[in-house]
Protein chains: 4
Amino acid sequence: MTTRNQVLDQPVAATQAPPRAGQLRVGVVGYGYWGPNVVRNLHALDSCRVVSLCDRSEKALARAAKIYPALTMTADPAGVVASPDVDAVAIVTPVWTHFELAKQALENGKHVFLEKPFTSTVRQAEELVELAERKNLKIMVDHTFLFTGAVRKIRQLVDQGVLGPLYYFDSTRVNLGLFQHDVSVIWDLAPHDLSIMDHVIADRPEAVVATGAKHLNGLADMAFLTVYFPGNVIAHVNVNWLSPVKIRMTLIGGRDKMLVWNDLEADEKIKVYDKGVDIENAEGVHQLLVSYRSGDVWAPKVDQTEALKAELGYFVDCVLNDKVPFNDGVSGLRVVKLLEAAEQSLADRGRLVPIA
Amino acid sequence: MTTRNQVLDQPVAATQAPPRAGQLRVGVVGYGYWGPNVVRNLHALDSCRVVSLCDRSEKALARAAKIYPALTMTADPAGVVASPDVDAVAIVTPVWTHFELAKQALENGKHVFLEKPFTSTVRQAEELVELAERKNLKIMVDHTFLFTGAVRKIRQLVDQGVLGPLYYFDSTRVNLGLFQHDVSVIWDLAPHDLSIMDHVIADRPEAVVATGAKHLNGLADMAFLTVYFPGNVIAHVNVNWLSPVKIRMTLIGGRDKMLVWNDLEADEKIKVYDKGVDIENAEGVHQLLVSYRSGDVWAPKVDQTEALKAELGYFVDCVLNDKVPFNDGVSGLRVVKLLEAAEQSLADRGRLVPIA
Amino acid sequence: MTTRNQVLDQPVAATQAPPRAGQLRVGVVGYGYWGPNVVRNLHALDSCRVVSLCDRSEKALARAAKIYPALTMTADPAGVVASPDVDAVAIVTPVWTHFELAKQALENGKHVFLEKPFTSTVRQAEELVELAERKNLKIMVDHTFLFTGAVRKIRQLVDQGVLGPLYYFDSTRVNLGLFQHDVSVIWDLAPHDLSIMDHVIADRPEAVVATGAKHLNGLADMAFLTVYFPGNVIAHVNVNWLSPVKIRMTLIGGRDKMLVWNDLEADEKIKVYDKGVDIENAEGVHQLLVSYRSGDVWAPKVDQTEALKAELGYFVDCVLNDKVPFNDGVSGLRVVKLLEAAEQSLADRGRLVPIA
Amino acid sequence: MTTRNQVLDQPVAATQAPPRAGQLRVGVVGYGYWGPNVVRNLHALDSCRVVSLCDRSEKALARAAKIYPALTMTADPAGVVASPDVDAVAIVTPVWTHFELAKQALENGKHVFLEKPFTSTVRQAEELVELAERKNLKIMVDHTFLFTGAVRKIRQLVDQGVLGPLYYFDSTRVNLGLFQHDVSVIWDLAPHDLSIMDHVIADRPEAVVATGAKHLNGLADMAFLTVYFPGNVIAHVNVNWLSPVKIRMTLIGGRDKMLVWNDLEADEKIKVYDKGVDIENAEGVHQLLVSYRSGDVWAPKVDQTEALKAELGYFVDCVLNDKVPFNDGVSGLRVVKLLEAAEQSLADRGRLVPIA
């Protein structure tokens with residue numbers, strides 16, 4: 001996703017005016033790889049104000065201080081998640097820290113924006129969802145791809161019935177690196193595909209089968225996930241840190257039309273194929289009558305707005321106007337269920353793991 | 001494979017001279033989709049002579065008669081597999097007929113060339129292998145891809161150790177159609193990938209996991225196979241009759257180099273990437289030290305000779321000179337074992353099926 | 001064009017029935033590279049019958065005799081162009097022979113189908129056109145591309161005004177070889193582009209500028225042609241025998257939409273871009289107001305019928321039913337005018353050569 | 001060139017220490033499209049210090065002030081080109097202002113870095129070159145592409161004789177927009193291709209032919225340049241603001257090998273083809289004996305360092321250490337000669353314009 005490489009292009013004044021009435025006051029925890037993008041986009045929003053930033057690394061804070069000199073900096077997360085000056089907390093840290101940080105934030109009455117994946121376990125995700133509900137607070141999980149023009153267009157095409165009933169979703173996300181040292185390729189890359197799948201397929205998955213292998217650091221570096229849905233709908237996800245070439249391609253097959261999303265294409269990211277197969281079982285005929293339809297191909301224009309910008313604006317809007325985000329904790333929990341099941345299945349060499 | 005679409009380009013005289021001494025006399029059963037290519041290529045060989053042809057369809061025989069007027073035509077397979085004028089039989093019929101036809105041929109002392117897949121069951125394959133051995137006859141299974149310039153080059157690179165120890169083999173073979181009415185996409189398309197995998201990876205597979213779905217005619221039209229090898233080597237095969245785009249791509253990852261074979265490229269079918277990952281576990285360091293290598297890319301020239309021509313020449317040579325073909329019945333049996341295991345696994349939603 | 005590589009796929013009976021009433025009797029001169037395709041397609045037509053074939057090469061005739069044993073074979077063109085058994089002659093020989101052969105055919109009352117380019121000189125083309133008109137005979141020049149699905153679709157889009165008024169036509173046709181020893185790359189490759197240009201752009205060209213170079217055999221092996229049309233419409237053709245890669249790409253820009261034809265694409269040969277530029281000269285504003293439009297991309301389905309088959313059916317139809325073919329001698333003459341002008345311009349290093 | 005889109009990623013302290021001994025003090029004129037990249041890269045260099053910035057636009061200065069608060073800002077170029085605090089001036093303004101600004105800078109004893117193209121006329125370029133020489137000052141023209149890994153690799157391959165003697169250079173640089181209102185597409189895009197050509201081909205051009213058309217704003221928006229070199233070496237440049245697709249492709253043909261540079265490829269920007277043609281004129285043989293060589297393809301790894309960073313470091317080094325930059329005024333003059341000749345030729349519909 002191109003947004004990942006973007007950096008600050010609008011610096012800020014050395015002193016900050018106090019938050020305006022109606023502005024959401026946001027604290028951010030984590031200023032590593034993805035955090036600077038979150039801060040930059042929050043910063044650009046009129047509807048909110050970044051008031052404090054936490055990172056364990058002094059170097060990271062120094063980098064941030066140069067761009068946002070007026071921000072309150074701290075190495076202690078409590079300075080953010082428990083601060084009375086903060087309405088909402090964005091947590092942009094490794095997944096194993098998500099639960100504790102989010103829990104503290106919620107317990108302190110803060111709304112929470114969490115980097116994907118939501119949590120390390122289903123149990124944690126359920127607890128956070130329940131806690132947020134009890135406290136009447138918002139959780140949003142940062143499945144950034146859902147805010148890209150491409151995925152929004154795909155969702156729209158599916159909702160409008162252009163593809164007809166879906167047959168399958170087959171996604172490939174491979175390249176060389178970046179190896180993680182705390183999570184496998186499933187937890188690193190598959191959240192993208194699974195959250196998109198969850199967003200595009202209305203039905204809920206029944207079970208997962210995952211296979212894969214580890215070659216270098218004791219964690220699976222390649223994995224193949226199959227997700228079963230009701231009614232012969234099936235999804236497949238191929239994630240791999242050891243591919244010599246970068247592939248970001250998703251095929252979605254429907255009864256009426258089929259779609260290819262190639263995220264590496266600069267312009268024609270999505271192509272809709274007027275293609276399909278019809279099978280008739282003519283009476284008395286031994287052989288099935290198969291007919292293939294093949295018509296025009298159509299590449300709809302796709303909005304190029306930075307996805308994270310749209311997502312963070314939506315987060316602030318949901319908090320300020322008490323809306324339930326579609327990518328809320330419940331949605332994040334669904335993805336964590338799949339990840340946990342996939343990891344179990346992979347460990348058992350493809351055992352079918354049902355999704356509750 | 002481009003060879004599949006080729007048709008006659010050299011007609012034959014209306015009368016035939018008798019076979020020359022030293023020429024293998026071949027009878028062919030089956031003149032449907034692939035049969036004409038087999039006959040054409042056999043015909044072009046100096047080392048053999050096609051003497052008879054069998055097909056149930058009068059129309060098919062009429063088509064053949066126009067090109068090869070001197071050929072003995074018959075609708076009865078016995079006229080070929082039991083004919084005293086025939087030394088070897090090429091069986092180019094649906095898989096469910098392979099066992100009976102091949103058995104009769106072997107029992108009548110004929111060498112056998114069989115279209116892929118070898119047989120419908122492991123049991124049948126074992127019986128044919130045993131029978132051929134007992135009768136001292138050759139069986140060759142038509143895994144045509146093994147004779148393409150691309151696969152020969154890949155095998156050579158692996159044998160020369162260019163890639164280093166292998167990590168994985170990941171093959172995608174998808175397009176729209178052609179739906180078969182007697183076998184699933186596993187038996188239709190995966191024999192290509194599995195025979196290539198078997199040819200490239202020296203080790204023998206331990207177990208198979210397969211998932212997939214059927215959407216139209218009661219047979220799986222998409223399937224995902226994982227094959228486990230000793231030592232964390234893994235293979236994956238993605239076959240699909242319901243894809244809007246045609247993809248024929250295989251990634252092969254090794255410790256030292258990685259390879260991409262894109263069979264749809266006209267010229268640069270194979271690319272070798274000087275890429276890799278090294279991981280050191282530095283003492284006292286929490287985090288793994290990962291380093292990525294990335295160098296030149298190299299597309300070796302690949303021989304463009306028609307694969308089937310090379311294969312049939314090799315068949316005749318093996319028979320005449322009593323050599324054991326590398327793609328013999330034993331090799332065909334290995335592929336059938338994988339197919340049978342994959343079909344079982346798919347039926348059981350990904351159950352791990354060991355390979356004996 | 002894929003059709004160029006096709007070879008016989010339907011052999012013929014050893015004896016031929018006499019032509020049926022209403023069938024056109026065709027003689028063919030030339031059985032080298034392209035001739036077999038012409039004979040094969042004529043043969044497949046119900047509306048005509050190939051009655052005789054001429055080639056200087058015994059080997060060529062022998063090849064033909066095997067496929068068409070009943071055909072009258074001759075090494076003497078007079079046996080075809082002057083034969084009382086022939087209604088029409090297809091001339092598939094090097095361009096320097098076209099004029100004499102076509103002239104004899106016309107003088108003997110035969111209709112003529114001529115491989116491109118029409119003739120070696122404008123003078124010859126004019127004489128043939130005039131002769132045919134006087135004798136009330138048809139001439140058709142084999143600009144095969146005009147019968148491809150791609151060009152027919154382009155012509156249709158232009159005629160329907162989809163692109164709006166045209167701005168330019170920019171065509172690239174480069175690859176390694178095949179070097180000709182009697183004509184430059186202009187006469188070898190550019191007839192394709194120029195005939196397509198002539199077919200697509202309704203206006204008539206005013207002048208030509210050509211540049212290029214010769215590196216090997218004394219003939220230009222690469223050339224760049226600019227063709228000026230009225231009203232700032234411009235065409236450019238890049239032809240090259242010395243390119244390491246094969247490119248067959250044409251850009252056509254219109255005011256309302258733009259089109260890219262990539263003939264090497266298997267499926268999406270033509271893409272229509274909803275793109276454009278609008279320029280307003282706002283009063284009092286120093287700078288022009290430029291606005292760019294960018295919308296969907298659309299790849300219309302393109303008919304895949306073999307172009308030469310369609311063309312030859314059309315030739316026979318034009319002769320039998322006295323229609324004027326759109327690719328007649330007059331159209332062939334227009335292309336020869338451009339070729340002759342381009343060759344002159346190239347020799348004079350880009351001198352502007354007006355088209356009469 | 002990807003560097004064009006980059007923006008600030010490292011902000012600066014609000015106060016600046018005085019220049020260190022040995023640091024070059026640079027003033028920048030122009031902070032529009034390209035200026036921010038120049039300032040950012042100069043800023044990152046240890047060997048120099050940006051001391052002042054000029055732009056007519058208050059808005060532009062305000063943007064800069066936020067990032068570089070300690071910089072002296074001015075709307076008057078004299079504040080830079082005549083400042084005693086400045087050793088060298090970077091001029092990043094429209095081409096029609098280059099001459100006056102550079103002249104003043106040189107007359108005030110400043111070294112000059114100029115955005116491409118060097119000047120609007122040959123006369124101006126010659127005057128600046130002469131003035132710089134007299135004053136013993138450096139001029140460098142910002143032909144950024146010469147500092148890309150791709151062009152450096154190409155130059156290296158040519159210098160090492162890998163391609164053999166060159167046959168041709170054929171470059172295509174087309175896309176939609178950006179329309180300029182003061183210069184044609186020749187002056188806007190062709191400087192890239194011509195400077196690369198000048199860098200790669202050792203010989204000096206003899207003459208230019210250019211054709212093209214204007215469709216919208218009275219300036220040529222597409223142009224085709226042919227550059228003649230001694231000995232049948234030829235270059236061609238296709239530049240177009242009205243293309244629906246972006247193409248950045250250069251073919252370079254040599255006797256021994258051929259090269260394709262596709263700048264839009266992420267990884268394999270350069271491919272070297274072991275392809276060629278040999279022609280023998282066998283005695284007594286009517287036809288030329290043509291043989292085609294075709295071997296491996298090789299994509300050498302290309303350095304990905306930001307080109308502008310390398311270029312500006314080189315500029316400072318040349319000034320501080322009194323070296324003659326290879327992209328100096330003399331080199332910039334050669335490109336302006338070609339541009340001026342091309343513009344004249346285009347106006348005269350392809351008249352051959354000799355290069356002095």
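Since the structure is predicted, the reported quantities are computational estimates derived from the model, not experimental observations.

**Q** Please give an account of the overall build of chain A that cites residues and values.
**A** Broken down by element type, chain A carries 9 helices and 15 strands. A compact globule built from 356 residues should have a C-alpha radius of gyration of about 21 Å, and chain A, at 22 Å, falls within 12% of that. The C-alpha extent of chain A, read off along each of the three principal axes, is 80 × 45 × 45 Å. In chain A, which comprises 356 residues, the share counted as buried stands at 60%. Residue pairs at least 24 apart in sequence account for 68% of intrachain contacts in chain A once pairs closer than 6 positions are excluded. Summed over its atoms, the accessible surface of chain A is roughly 13,800 Å², and 49% of this surface lies on carbon and sulfur atoms. Between the mean site of the 37 positive side-chain charges and the mean site of the 43 negative ones, chain A shows a separation of 4 Å.

**Q** Quick one: what's the story with the pattern of salt bridges, residue by residue and with numbers?
**A** Applying the stated criterion to the full structure yields 68 salt bridges over all chains. For R25(B), the salt bridge is made with D87(B), and the minimal N-O distance between the two is 2.8 Å. Separated by 62 residues along the polypeptide, R25(B) in strand β1 (residues 24–29) and D87(B) in the loop between α3 (78–81) and β4 (88–91) bring together distant segments of the chain. Overall, the relative accessible area of 23% leaves R25(B) in the partly exposed class. Here D256(C) makes a salt bridge to R255(C), at a shortest N to O gap of 2.8 Å. For D256(C), a relative accessible area of 25% gives the class partly exposed.

**Q** Let's hear about the sheet that holds strand β4 (residues 88–91) of chain D: which residues, and what values?
**A** Residue and element names in this part refer to chain D. A sheet is described by the order of its strands in space; here 6 strands give the open sequence β3-β2-β1-β4-β5-β6, paired in parallel fashion. Of all strands in the sheet, those bounded by a partner on one side alone are β3 (72–74) and β6 (139–142). Taking each pair of neighbouring strands and ignoring which way they run, the sheet shows an average axis angle of 20°. Note: β4 against strand β5 (residues 111–115), 4 bridges, orientation parallel. Among the inter-strand pairings, A90 is bridged to a residue of β5, identified as F113.

**Q** Quick rundown of the confidence of the model for chain A? Include the residues and the values.
**A** All names here are of chain A. On average, chain A scores 92 in pLDDT, and the residues at 70 or more come to 93%. Note on residues 1–14: pLDDT is under 50 here. Beyond four places in sequence and across chains, it has 39 contacts. Both confidence scores are given for the complex: pTM 0.92, ipTM 0.92.

**Q** Quick one: what's the story with the packing of aromatic side chains, residue by residue and with numbers?
**A** Scanning the model with the defined rule gives 28 aromatic pairs over all chains in all. Note on Y292(A) and F179(B): the rings are 6.5 Å apart at their centroids and 45° apart in plane angle, and the pair reads as tilted. Pair noted here: Y292(A) is in strand β14 (residues 289–299) and F179(B) is in the loop between β7 (166–176) and α7 (185–200), and the two residues belong to different chains. Judged by centre distance (5.0 Å) and plane angle (45°), the ring pair of F179(B) and W241(B) falls under tilted. Of the two residues, F179(B) sits in the loop between β7 and α7 while W241(B) sits in the loop between β10 (234–240) and β11 (242–254), which places them 62 residues apart along the sequence. Classification of W241(B) by relative accessible area gives buried; the value is 0%. Each member of the aromatic cluster is reached from another via a ring pair, and the members are F147(A), Y314(A) and F326(A).

**Q** Residue-level account of the interface of chain B and chain A, with values.
**A** The partner chain A presents 51 residues to the 51 residues of chain B that form the contact. For the chain B face of the interface with chain A, the top three residues by lost area are H181(B), P244(B) and R349(B), together amounting to 15%. Summed over the shared surface of chain B and chain A, the number is 2 salt bridges. Across the chain B-chain A interface, the total number found is 17 residue pairs in polar contact (both at pLDDT 80 or more). For the side of chain B that touches chain A, the secondary structure elements donating two or more residues are β7, β8 (207–213), β9 (222–228), β10, β11, β12 (258–262), β13 (270–280) and β14 (289–299) of chain B. Classifying every residue of the side of chain B that touches chain A gives 29 nonpolar, 16 polar and 6 charged.

**Q** Could you give an account of the environment of S171(D), with specific residues and numbers?
**A** All names here are of chain D. With respect to the element layout, S171 can be found in strand β7 (residues 166–176). A relative accessible area of 2% means that S171 is categorised as buried. Through-space distance from the C-alpha of S171 to that of D193 is 6.7 Å; in sequence the pair is 22 residues apart. Those residues in contact with S171, other than ones at most four positions away along the chain, are D193, H236, V237, N238, M249 and T250.

**Q** Can you tell me about the packing of helix α5 (residues 122–135) of chain D against helix α9 (residues 329–347) of chain D, naming the residues and giving the values?
**A** Residue and element names in this part refer to chain D. Two elements in contact, α5 and α9, have axes whose closest approach is 9 Å; the angle formed by their N-to-C orientations is 170°. Taken together, the axes of α5 and α9 lie roughly antiparallel to each other. On the side of α5, the interface is formed by V122, A125, E126 and V129, while α9 contributes G329, V330, L333, V336, K337 and E340.

**Q** Give me the relation of the copies chain B and chain A: which residues, what numbers.
**A** It takes a turn of 180° to lay chain B on chain A, together with a shift of 0.0 Å along the axis; the resulting RMSD is 0.1 Å. The two molecules are tied by a two-fold rotation axis, judged by turn and shift. A share of 100% of interface residues in chain B that are also interface residues in chain A marks the association as one of identical surfaces.

**Q** Describe the packing of helix α1 (residues 35–44) of chain D against helix α8 (residues 307–320) of chain D, with residues and values.
**A** The description of two helices packed together rests on the angle between their axes and the distance between the axes. Residues and elements named next belong to chain D. Packing of α1 against α8 brings their axes to within 9 Å, and their N-to-C directions diverge by 60°. What the angle tells us is that α1 and α8 run oblique. Crossing angle aside, the handedness with which α1 passes α8 is right-handed. Contacts between α1 and α8 involve N37, V38, N41 and L42 on the former and, on the latter, L308, K309 and L312. When its residues are assigned to classes, the contact of α1 with α8 shows 4 nonpolar, 2 polar and 1 charged.

**Q** Tell me about helix α6 (residues 149–159) of chain A, residues and numbers included.
**A** Residue and element names in this part refer to chain A. Here α6 has its buried residues at G149, A150, V151, K153, I154, L157 and V158. Buried residues along α6 sit in contact with β7 (166–176), α7 (185–200), β11 (242–254), β12 (258–262), β13 (270–280) and β14. Downstream of α6 by a residue or two, G161 has a phi angle that is positive, lying close to 80°.

**Q** Quick one: what's the story with the sheet that holds strand β4 (residues 88–91) of chain A, residue by residue and with numbers?
**A** All names here are of chain A. Pairing is parallel across the open sheet formed by 6 strands, whose spatial order is β3-β2-β1-β4-β5-β6. The sheet is open, and its two borders are formed by β3 (72–74) and β6 (139–142), each paired with just one other strand. In this sheet, neighbouring strand axes are inclined to one another by 20° on average, regardless of whether the strands run parallel or antiparallel. Inspection of the sheet shows strand β1 (residues 24–29) paired to strand β2 (residues 48–54) by 6 bridges, in the parallel sense. Directly across from R25, in β2, lies its bridge partner R49.

**Q** Explain the side chain of S83(A) to me, using residue names and the numbers behind them.
**A** Residue and element names in this part refer to chain A. Relative to the assigned elements, S83 resides in the loop between α3 (78–81) and β4. Under the relative-accessibility criterion, S83 is labelled buried at 11%. A polar contact is formed between the side chain of S83 and the backbone nitrogen of D85, at a distance of 3.0 Å. When neighbours within four sequence positions are excluded, S83 is seen to be in contact with A78 and K110.

**Q** Describe helix α1 (residues 35–44) of chain B, naming the residues involved and giving the relevant values.
**A** Note that an α-helix has 3.6 residues per turn; residues three or four places apart therefore point the same way. Residue and element names in this part refer to chain B. In terms of burial, α1 is a largely internal element, 8 of the 10 residues being buried. For α1, the set of buried residues is G35, P36, N37, V38, V39, R40, N41 and L42. The elements touched by buried residues of α1 are β1, β2 (48–54), α2 (58–67), β4 and α8 (307–320).

**Q** Describe the pairing of β10(B), with residues and values.
**A** Residues and elements named next belong to chain B. Judged by how many residues are buried, β10 sits mostly within the fold: 7 of 7 residues are covered. Residues I234, H236, N238 and N240 point to one face of β10 and A235, V237 and V239 to the other, with burial holding for every one of them. Inspection of the sheet shows β7 paired to β10 by 7 bridges, in the parallel sense. By the bridge assignment, D170 is partnered in β10 with H236. Pairing analysis gives 7 bridges linking β9 to β10, with the strands arranged antiparallel. What sits directly across from V227, in β10, is A235. A loop of 5 residues connects β9 with β10, the two strands running antiparallel in sequence, and G231 in this loop sits at a positive phi of about 70°.

About the criteria used
- Counting restarts for each chain: residues are numbered from 1 in the order of the written sequence.
- Labels are handed out in written order, letters beginning with A for the chains and numbers beginning with 1 for the ligands.
- Where totals are concerned, whole chains, interfaces and linings use all residues; where local detail is concerned, this predicted model gives features only for residues with pLDDT of at least 70, and gives and counts side-chain atom pairs only at 80 or more.
- To obtain the side-chain values, all non-hydrogen atoms of the structure were included, while hydrogens and water were left out.
- Strands here are runs of E lasting at least two residues and helices are runs of H or I lasting at least four, both read from the DSSP assignment and numbered beginning at the N terminus.
- With the radius of gyration taken over C-alpha atoms, the globule rule is written as 2.2 Å times the number of residues to the power 0.38.
- Three labels apply to residues, based on accessible area from a 1.4 Å probe with only protein chains included: buried if under 20% of the type maximum, exposed if over 50%, partly exposed otherwise in between.
- Whether two residues are in contact is decided by their heavy atoms, any of which lying within 4.5 Å being enough.
- Surface accessibility in these figures is a Shrake-Rupley result with a 1.4 Å probe; residues are shielded only by whichever protein chains are displayed.
- Neither His nor the chain termini are counted; the positive set is Lys and Arg, and the negative set is Asp and Glu.
- We put the charge of a Lys on NZ, of an Arg on CZ, of an Asp on CG and of a Glu on CD.
- The rule for a salt bridge is simple: a side-chain nitrogen of Lys or Arg has to be within 4 Å of a carboxyl oxygen of Asp or Glu.
- Only when DSSP finds a minimum of two bridges between them are two strands counted as paired.
- Angles here are taken between N-to-C directions and fall from 0 to 180 degrees, while the axes themselves are lines fitted to C-alpha atoms, restricted in helices to the stretch in contact.
- Per residue, pLDDT measures the predictor's confidence, with a range of 0 to 100.
- In summary, the pairing rule links any two rings of Phe, Tyr or Trp, Trp by its six-membered ring, whose centres are within 6.5 Å, and it sorts them by plane angle into stacked for under 30 degrees, edge-to-face for over 60 and tilted for everything else.
- Buried area is a sum: the accessible area each of two parts loses on coming together, probed at 1.4 Å, counted once for each and added.
- Pairs of N or O atoms are called polar contacts if they sit within 3.5 Å, as long as, within protein, a hydrogen donor faces a hydrogen acceptor (for residues adjacent in sequence, only side-chain-to-side-chain pairs).
- For this classification, the nonpolar set comprises Ala, Val, Leu, Ile, Met, Phe, Trp, Tyr, Cys and Pro, the charged set comprises Asp, Glu, Lys and Arg, and every other residue, Gly included, is treated as polar.
- When an angle is under 35 degrees it counts as roughly parallel; over 145 it counts as roughly antiparallel; between 65 and 115 it counts as roughly perpendicular; any other value is oblique.
- The superposition of copies rests on a least-squares fit of C-alpha positions from residues with pLDDT of 70 or more in both.
- It is the rotation of the near helix from the far one that decides the hand of a crossing: anticlockwise by less than a right angle makes it left-handed, clockwise makes it right-handed.

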